[in-house]
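So the chains spell out like this:
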Amino acid sequence: MVDRLLGRLRRLTYKNSSRVHMQRVNEAFARSVPAGARVLDAGAGSCPYRELFDHAVYESADLQGVDKPYGEITYCCDLRNIPVEDGTFDFILFNQTLEHMAEPQAALKELARVLKPGGRLLCTAPLFYEEHEAPHDYFRFTQFAHRYLFEEAGFEIERLEWLEGYLGTLAHQLDRAAIALPYHASAYGLGASRWLMPPTAVSIKLLFTLLSGLMSRLDARHRFTDAGYPKNYVVVARRLPEPATPAT
Ligand SMILES: C[S@@+](CC[C@H](N)C(=O)[O-])C[C@H]1O[C@@H](n2cnc3c(N)ncnc32)[C@H](O)[C@@H]1O
């Protein structure tokens, strides 16, 4: 009963601001892609951004190893080994996939290989998000890890910024807590807490649901990035030209 009522309230109030911002950065990236350019969506999943690239030649790569619906995938492959020639693509999308790479460095080097020198890549990846797509969820990346990995793989970082603001991160955590916090007496052991905690937990769940709804909507309209931490980082990186061959 409590779960059903809170679920209904959550559906009325919570807005996933990450989706809003993910759409925004992908739209901006798509606008920078000239007509006819060749684009690879690496780790495309259900291909949620496919239609943004209708003016380009859109192709997708995914291992398709998880039990979920996939879009139309051009290359069913591991991103460490994409079956195309060097420098095939002008642009790469790499959304919410870096954390699923058991060897992120190898995957980024492969993406650098298949991207033309000077080609650009958009990456979004989580810093503060729960495990998902188990068991293929390996890492979370700080801004320093992003910089290290991309530069080491042969990219120059053009932009590295928060995807959401802190209110978006907080909204997500409050939402998760509102769902996960137990309110049954048996969760709180013996003694007074057994009787005190259930009504307290229900009040906290209600408060968190309302706060999460408010903060998620504020974050969707305006990102606060002066303090706190993001749920995801966004990177726009350019593939460096091949290093010059030393003269003999
Ligand atoms: C969280 S989903 C992201 C999907 C999509 N990019 C999006 O933003 O909705 C991560 C995707 O990476 C794919 N993936 C995981 N490991 C992979 C690997 N080693 N090679 C290729 N794709 C992989 C999964 O199948 C999954 O579709």
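Residues numbered from 1 in each chain as written. Predicted model: local features only at pLDDT ≥ 70, side-chain atom pairs only at ≥ 80, totals over all residues. Heavy atoms only, no water.

Participant: Even after reading the chapter, I still don't get the site of the ligand, so can you show me in this structure?
Facilitator: In the vicinity of the ligand there are 18 residues, among which Gly43, Asp62, Lys68, Tyr70 and Asn95 approach most closely. Lys68 places a polar side-chain atom, nitrogen or oxygen, 3.0 Å from an oxygen atom of the ligand. Measuring from an oxygen atom of the ligand, one finds a side-chain N or O atom of Tyr70 at 2.8 Å. Contact with the protein chains hides 89% of the accessible area of the ligand, taken as 600 Å² for the molecule alone. Among the residues making up the shell around the ligand, the classes are represented as seven nonpolar, seven polar and four charged. (Near = heavy atom within 4 Å. Polar contact = N/O pair within 3.5 Å; in protein donor to acceptor, adjacent residues only side chain to side chain. Areas by Shrake-Rupley, 256 points an atom, 1.4 Å probe, with all protein chains shown as cover. Nonpolar A, V, L, I, M, F, W, Y, C, P; charged D, E, K, R; others polar.)

Participant: Which parts of the structure should I look at to understand the pattern of salt bridges?
Facilitator: A side chain with one charge may pair with a side chain of the opposite charge, provided their charged atoms come close. Counted by the stated rule, this structure contains 16 salt bridges. Taking the shortest distance from any N to any O, the salt bridge between Arg176 and Glu130 comes out at 3.6 Å. Residue Arg176 is located in helix α5 (residues 166-180), and its partner Glu130 is located in the loop between β5 (115-126) and α4 (143-152); the two are separated by 46 residues in the primary sequence. In this structure Arg176 comes out as partly exposed when scored by relative accessible area, which is 32%. Connected through salt bridges with shared partners, the residues Arg10, Glu130, Asp175 and Arg176 form a single ionic network. (Salt bridge = Lys/Arg side-chain N within 4 Å of Asp/Glu carboxyl O. Helix = DSSP H or I, 4+ residues; strand = E, 2+ residues; numbered from the N terminus. Buried < 20%, exposed > 50% of the residue type's maximum accessible area, 1.4 Å probe, protein only.)

Participant: How should helix α2 (residues 17-31) be read in this particular structure?
Facilitator: One full turn of an α-helix is made of 3.6 residues, so residues set three or four places apart face in the same direction. Taking 1.5 Å of rise per residue, the 15 residues of α2 would be expected to cover 21 Å, and the 21 Å separating its terminal C-alpha atoms lies within 8% of that figure. Here α2 has its buried residues at Ser17, Ser18, His21, Met22, Val25, Asn26, Phe29 and Ala30. Those residues of α2 hidden inside the fold are in contact with β4 (89-95), β5, β6 (155-162), α5, α6 (193-221) and β7 (232-239). (Expected span 1.5 Å × (residues − 1). Contact = heavy atoms within 4.5 Å.)

Participant: Could you clarify how one ought to interpret the domain arrangement of the chain in this entry?
Facilitator: In many analyses, interface size is given as the accessible surface area lost on bringing the parts together. Parsing the chain into structural domains produces domain 1 (32-165 + 229-239) and domain 2 (167-221). Using only C-alpha atoms to locate each centre, domain 1 and domain 2 end up separated by 34 Å. Opposite the eight residues of domain 1 that make contact, domain 2 presents seven residues. Together domain 1 and domain 2 conceal approximately 580 Å² of surface at their shared face, both sides included; 50% is due to carbon and sulfur atoms. At the boundary of domain 1 and domain 2, one finds seven residue pairs in polar contact (both at pLDDT 80 or more). Here the side of domain 1 that touches domain 2 is composed, by residue class, of four nonpolar, one polar and three charged. (Domains from an automatic or database assignment. Buried area = accessible area lost by both parts, 1.4 Å probe.)

Participant: What should I look at first to understand the packing of α2 against α6 in this one?
Facilitator: Here α2 crosses α6 at 15 degrees, and the two axes come no closer than 8 Å. Here α2 is positioned roughly parallel relative to α6, judged by the angle of their axes. Of the two elements, α2 crosses α6, and the hand of that crossing is right-handed. Facing Ser17, Val20 and His21 of α2, the residues of α6 in contact are Ser216, Asp219 and Ala220. Each residue belonging to the contact of α2 with α6 can be placed in one class, and the counts come to two nonpolar, three polar and one charged. (Axes fitted to C-alpha atoms, helices over the stretch in contact; angles between N-to-C directions. Parallel < 35°, antiparallel > 145°, perpendicular 65-115°, else oblique. Left-handed = near helix turned anticlockwise from the far one by under 90°.)

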